[in-house]
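# Architecture at a glance
Residue-level listing of the chains:
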Amino acid sequence: MTVVAAELVPLSTRLREGTRAEHSQAESEGFVERLLSGRLDVAAYADLAAQQLAVYTALEQASERMRADERGQDLVFDELTRVPAIERDLAHLYGAGWRDVVRVLPATERYVARLHAVGGDVACYAAHAYTRYLGDLSGGQVIQRMMQRHYGMGAEGLEFYDFPEIPKAKPFKDVYRERLDGLELDDTEVDLAVSEAQEAFRLNRAMFVELGVAHP
């Protein structure tokens, strides 16, 4: 009998270890460093929020598809839904006519296309949801504090980072990792999940690169 990889090393561990390099590269991209050190402006953050809306719209469309998947449905949490919060942020940042003003960068369009292409596969969905949502519950909180500290932003415009239905992030993240580890993916699916998570970080980094060009 063949033992699946997920039983040897938990999927959450494989994802964390397998994306360490890509994660570090994305976090150290120049746009991110300048934004978090206070060297840009609120307009740069607003542009980032516009890209996030496109990405999360595609991701949460995939979440709706995943609700019908016997395994994947356990990874869908209503508490994590981000699109309504991003829309409120954009209305605050750009004004009532924000939909006519925001633009989606080419790198973001490629990210969205990837989500549409693979979001129905449980291993790929797990990879993308893991990279986005656990990041929001971890490093995302740092971004919120830095935006408030350096740019004088209040609660409005930063709702993306608020999870009112998740009062304590760590217990929730522990549950999410348990759900990942319980997916019972076979060897091929585990390898696919890791490679897709690496791709997710590369797509995210490419988006930061283009934002950096727009906001030098």
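Described in the following lines is the structure provided in the data block. This structure is a prediction, so every number in the text was calculated from the model and none was measured.

Within the largest apolar cluster, 64 residues are counted, with the highest numbers of intra-cluster contacts made by F31, L35, Y45, L80, Y176 and L180. Once you skip the residues sitting within four places of it in the chain, L180 turns out to touch L11, S12, L15, L75, A126 and Y130.

One non-glycine residue with positive phi stands out, namely E184, at about 60°. Mapping E184 onto the fold places it in the loop between α10 (169-181) and α11 (187-214). Among the residues examined, E184 registers a relative accessible area of 67% and is labelled exposed.

In this section: the pattern of salt bridges. What the rule picks out here adds up to 16 salt bridges. We note a salt bridge from R20 to E17, for which the minimum N-O separation is 2.6 Å. Through salt bridges with shared partners, a single ionic network connects R16, E17 and R20.

When its volume is computed, the largest pocket comes out at roughly 830 Å³. In terms of lining, the largest pocket is formed by 34 residues, of which the most central are H23, E27, T131, G135 and F201. For the lining of the largest pocket, the secondary-structure elements that each account for two or more residues are α2 (11-18), α3 (20-27), α4 (30-36), α5 (42-66), α8 (122-137), α9 (139-151) and α11. It is α8 that contributes the most residues to the lining of the largest pocket, 6 residues altogether. Here the residues of the lining of the largest pocket are counted per class, giving 17 nonpolar, 11 polar and 6 charged.

Where two aromatic rings form a pair, the distance of their centres and the angle of their planes describe that pair. Summed over all chains, the structure comprises 6 aromatic pairs. On the numbers, 6.4 Å between centres and 25° between planes, the contact of F31 with F208 is stacked. Placement of the pair is F31 in helix α4 and F208 in helix α11, with a sequence separation of 177 residues. According to the relative accessible area criterion, F31 is buried, its value standing at 1%. On the basis of an interplanar angle of 75° and a centroid distance of 5.3 Å, the ring pair of Y56 and F160 is categorised as edge-to-face. Here Y56, found in helix α5, pairs with F160, found in the loop between α9 and α10; they are 104 residues apart in sequence, far enough to count as distant.

For the rest of this paragraph, the subject is the side chain of E22. Within the secondary structure layout, E22 lies in helix α3. Excluding residues within four positions of it along the chain, E22 makes contact with Q198, F201 and R202.

Okay, the side chain of E189 next. Structurally, E189 is set in helix α11. Given the relative accessible area of 18%, E189 is considered buried. A polar contact is formed between the side chain of E189 and the side chain of R71, at a distance of 2.8 Å. In contact with E189, not counting residues within four places along its chain, are R71, V122, A123 and E184.

Running from amino to carboxyl end, α8 crosses α9 at an angle of 50°, the nearest separation of the two axes being 3 Å. Judged by the angle between their axes, α8 and α9 are oblique. Counting all contacts with α8, which are made through G135, D136 and L137, the residues of α9 involved are G139, G140 and Q141. Tallied by class, the residues present in the contact of α8 with α9 amount to 1 nonpolar, 4 polar and 1 charged.

Basis of the calculations
All chains use their own residue numbering, which begins from 1 and follows the written sequence. It should be noted that, the model being predicted, local features are given only for residues of pLDDT at least 70 and side-chain atom pairs only at 80 or more, the latter also being counted only at that level, while totals for whole chains, interfaces and linings use all residues. Side-chain numbers here rest on the full set of heavy atoms in the structure, without hydrogens or water. As used here, the term nonpolar core means buried Ala, Val, Leu, Ile, Met, Phe, Trp, Tyr and Cys residues forming a set that is joined through side-chain atoms within 4.5 Å. Only protein chains enter the area calculation, which uses a 1.4 Å probe; residues under 20% of their type maximum are buried, those over 50% are exposed, and those in between are partly exposed. Every residue pair with non-hydrogen atoms within 4.5 Å of one another is taken to be in contact. A helix here means a DSSP run of H or I that spans at least four residues, while a strand means a run of E at least two residues long, and both kinds are numbered starting from the N terminus. Salt bridges are counted wherever a side-chain nitrogen of Lys or Arg sits within 4 Å of a carboxyl oxygen of Asp or Glu. A pocket, in this scheme, is an open set of points on a 1 Å grid over the protein atoms alone with protein on both sides within 12 Å along at least 5 of 7 lines, while a cavity is a set where a 1.4 Å probe fits but cannot get out; residues line either one if an atom lies within 4 Å of a point. Grid points are joined across faces, edges and corners, and a volume is the space filled by probe spheres set on the points. Polarity classes work like this: nonpolar for Ala, Val, Leu, Ile, Met, Phe, Trp, Tyr, Cys and Pro, charged for Asp, Glu, Lys and Arg, and polar for all others, with Gly in that last group. Two aromatic rings from Phe, Tyr or Trp, using only the six-membered ring of Trp, form a pair when their centres are within 6.5 Å; if the ring planes differ by under 30 degrees the pair is stacked, by over 60 it is edge-to-face, and anything between is tilted. Polar contacts, as counted here, are pairs of nitrogen or oxygen atoms within 3.5 Å of one another; within protein the pair requires one atom able to donate a hydrogen and one able to accept it, and residues that are adjacent in sequence qualify only if both atoms are side-chain atoms. Interaxial angles span 0 to 180 degrees and are taken between N-to-C directions of axes, which are lines fitted to C-alpha atoms, for helices over the stretch in contact. When describing relative orientation, an angle under 35 degrees is termed roughly parallel and one over 145 degrees roughly antiparallel, while 65 to 115 degrees is termed roughly perpendicular and anything else oblique.

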